[in-house]
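Understanding the architecture of this molecule
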Amino acid sequence: MTFEFTKEQEMLLKMLKEFSANEVAPLADELDKTGRFPQETVEKMAKLGLMGLNVPKEYGGAGLSDVCKVMAISEIAKACASTAEMFAVHLLVNYIITKFGNEEQKKKYLGMACSGYVGAFALTEPNAGSDAGSLQTTAVADGDYYVLNGSKCFISNLGKEEGAYAVVIALTDRVKKNHGGMTAFLVDRNTPGFVVGKLEEKMGIHGASVSELILQDCRVHKSTILGKVGDGFKVAMGGLDSGRIGIAAQACGEAEAALNAAVEYAKQRVQFGKPIADKQGLQFYLADMATRVEAAYLLTYKAAELLDNKKYAGKNASMAKYYASETANWVAAKALQIHGGYGYMKDYAIERIYRDARILTIYEGTSEVQKTVISRALLK
Ligand SMILES: Cc1cc2nc3c(=O)[nH]c(=O)nc-3n(C[C@H](O)[C@H](O)[C@H](O)COP(=O)(O)OP(=O)(O)OC[C@H]3O[C@@H](n4cnc5c(N)ncnc54)[C@H](O)[C@@H]3O)c2cc1C
């Protein structure tokens, strides 16, 4: 086990830090205020090879590891949570297509992914959240085609224009359900019947597009199936380890941003004739915050390394996602407390960071679901 980055990773980190500081951070406040999607950042990220970071080289990507993915998502998240959420979901979709796609699908969609066409993953439905096995969207066979009907909700990377394709999980056998009755389809946005519905208004990550997806007699060729008929639940769950590590990385970055903001503020704010950083009560807060941030990173890197080494990563991915997302919320709350009344005002970044962090314990499996996965692994 090593706790050091390689030379190549150090170079990647340097590039990421410069890009985040120069191109991502300056937009964070504006994206939060306007709720617009950072299309120009996506294009710049594509030029730098970031949108294809985890795409194998033979399909035009950088072919980098999950450890590098953690570095990339966390650095972007330090600057802007909305951009990091777009990126984390996009890399999840890359991972799923790489793992389950056939040659033709990989050539087409991974190529698009590298050039900056953003991908989406559509599993959740109004009555199927944590209980993904109870989804109701159907895919009925009709010759060489399948006809999709149903509605998905809270789908990231689908907005007014953004989101070029989506992995859609639907029922091909209502009786078997998640025991071989679900199938994953890779659907182009411009397919008739693929309707992007209401764009959600959210508490935070305002620059990340999250929408309803309505499938109305959406007719897709059988060549759009990812894996085999009946593999849908396997595809959805097969992406989770990498997806959870991605959200854990986002949480690490946001937690670190909150910690940095608190350190800076504590050194500048003077009360009782001295910077508030002189108060041991606040120093202890900072020490706890820094310790938890470090622990969150270590858990996340360990899970990523397990995945890179093709070892079982499910329990560790859940531990990382659970701990890092709870840590981001805890650290952001403490950082806001250190800012006092100013932290409650929109003039300071911590107000946005605090709201942005709130989603982390909910999507890609809630904290309660992560604890179920961890305890199941312990008790089996
Ligand atoms: C901003 C945002 C973006 C999202 N992006 C996507 C996306 O791109 N694609 C996608 O498919 N989905 C996406 N989701 C959906 C997200 O994954 C779900 O919201 C999440 O899985 C929880 O489902 P739910 O909201 O239906 O809550 P529910 O499942 O109804 O849960 C409600 C509460 O009950 C608890 N609970 C449920 N079951 C159990 C249990 N067995 N034991 C203990 N407690 C339990 C939960 O932890 C939670 O506290 C997104 C959601 C949001 C808000």
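Residues numbered from 1 in each chain as written. Predicted model: local features only at pLDDT ≥ 70, side-chain atom pairs only at ≥ 80, totals over all residues.

**Looking at the environment of tyrosine 323**
Just so we agree on the cut-off: Numbering goes from the N terminus for both helices and strands, where a helix is a DSSP run of H or I of at least four residues and a strand is a run of E of at least two. Working definition of burial: number of other C-beta atoms within 10 Å of the residue's own, with buried at 20 or more, exposed at 12 or fewer, and partly exposed in between, all C-beta atoms being placed from the backbone. Any pair of residues counts as being in contact when their C-beta atoms, constructed from backbone geometry, are within 7 Å of one another.
The residue tyrosine 323 is located in helix α9 (residues 314–339) in this model. A tally of 22 C-beta atoms within 10 Å means that tyrosine 323 is categorised as buried. Apart from the residues lying within four places of it in its own chain, the contact partners of tyrosine 323 are Ala295, Ala296 and Leu299.

**Comments concerning helix α2 (residues 39–47)**
Every α-helical turn comprises 3.6 residues, leaving residues that sit three or four positions apart pointing alike. Rules: Directions drawn from the helix axis to the C-beta atoms are what define this arc.
Here α2 has its buried residues at Thr41, Val42 and Met45. One face of α2 carries all of its buried residues, which in axial projection span an arc of 105°. Turned more than 90 degrees from where α2 packs its buried face, Glu40 and Lys47 sit exposed. Contact partners of the buried residues in α2: α1 (7–34) and α4 (81–100). One or two positions beyond α2, positive phi appears at glycine 49, with a value near 90°.

**As for the pairing of strand β2 (residues 138–142)**
Which entries qualify depends on this criterion: Strands are treated as partners if at least two bridges between them are detected by DSSP.
Where β2 lies against strand β3 (residues 145–156), 5 bridges are found, and the strand directions are antiparallel. Across the sheet, the residue bridging to threonine 138 is asparagine 149, located in β3. With antiparallel pairing between neighbouring strands as the criterion, β2 and β3 make up a hairpin whose turn holds 2 residues, including glycine 143 at a positive phi of roughly 65°.

**Looking at the domain arrangement of the protein**
The criterion, for reference: Domain delimitation in this document rests on an assignment produced automatically or drawn from a domain database. Three residue categories are used. Nonpolar comprises Ala, Val, Leu, Ile, Met, Phe, Trp, Tyr, Cys and Pro, charged comprises Asp, Glu, Lys and Arg, and polar comprises the others, including Gly.
Domain boundaries assigned for the protein yield domain 1 (7–118), domain 2 (120–230) and domain 3 (239–379). Just the C-alpha atoms count here: the centres of domain 2 and domain 3 sit 31 Å apart. Partitioned by chemical class, the residues of the side of domain 2 that touches domain 3 number 2 nonpolar, 2 polar and no charged.

**Quick look at the site of the ligand**
Rule in force here: Being near a molecule or strand means, for a residue, that its backbone-placed C-beta atom lies within 6 Å of it.
Around the ligand there are 21 residues in total, and Gly129, Ser130, Ser156, Thr366 and Glu368 lie nearest to it. The set of elements that each furnish at least two residues to the shell around the ligand consists of β1 (119–122), β3 and α11 (367–379). Split into classes, the residues belonging to the shell around the ligand amount to 11 nonpolar, 7 polar and 3 charged. Residue-level mapping places the shell around the ligand at the junction of two domains, with at least three residues from each of domain 2 (120–230) and domain 3 (239–379).

**Some remarks on the environment of asparagine 316**
One can find asparagine 316 in helix α9. When residues no more than four places from it in sequence are discounted, the contact partners of asparagine 316 are Lys302, Ala303 and Leu306.

**Some points on unusual backbone geometry**
Of note, the phi angle at phenylalanine 154 is positive, near 60°, even though the residue is not glycine. Mapped onto the elements, phenylalanine 154 comes out in strand β3. For phenylalanine 154, a count of 20 C-beta atoms within 10 Å puts it in the buried group. Backbone geometry places glutamate 364, a non-glycine residue, at a positive phi of 60°.

**Quick notes on the nonpolar core**
What counts here: We call a set of buried Ala, Val, Leu, Ile, Met, Phe, Trp, Tyr and Cys residues a nonpolar core when their C-beta atoms link them within 7 Å.
Judged by nonpolar contacts, the single largest core of 125 residues is most densely connected at Ala166, Phe185 and Ala258. Here this core gets 14 residues from one element, more than from any other, and that element is helix α7 (residues 240–268). Other than its neighbours up to four places away in sequence, phenylalanine 185 contacts Ala139, Tyr146, Leu148, Val168, Ala170, Val220, Thr224, Ile225 and Leu226.

**Focus: the packing of α9 against helix α10 (residues 349–357)**
Condition: Interaxial angles span 0 to 180 degrees and are taken between N-to-C directions of axes, which are lines fitted to C-alpha atoms, for helices over the stretch in contact. Under this scheme an angle from 65 to 115 degrees is roughly perpendicular, one under 35 degrees roughly parallel, and one over 145 degrees roughly antiparallel; angles in between are oblique. Throughout, a crossing is termed right-handed when the near helix is turned clockwise from the far one, and left-handed when it is turned anticlockwise from it by less than a right angle.
With their axes 9 Å apart at the nearest point, α9 and α10 run at an angle of 155° to one another. Comparing the axis directions of α9 and α10 gives the class roughly antiparallel. Considering the relative orientation of α9 and α10, their crossing is left-handed. Across from Ala328, Asn329, Ala332, Ala333, Ala335, Leu336 and His339 in α9, the residues of α10 making contact are Ile350, Ile353, Tyr354 and Ala357.

**Overview of the pairing of β3**
In this structure, β3 lies alongside strand β7 (residues 210–221), joined through 9 bridges in antiparallel fashion. Bridge pairing in β7 links glycine 150 to leucine 215.

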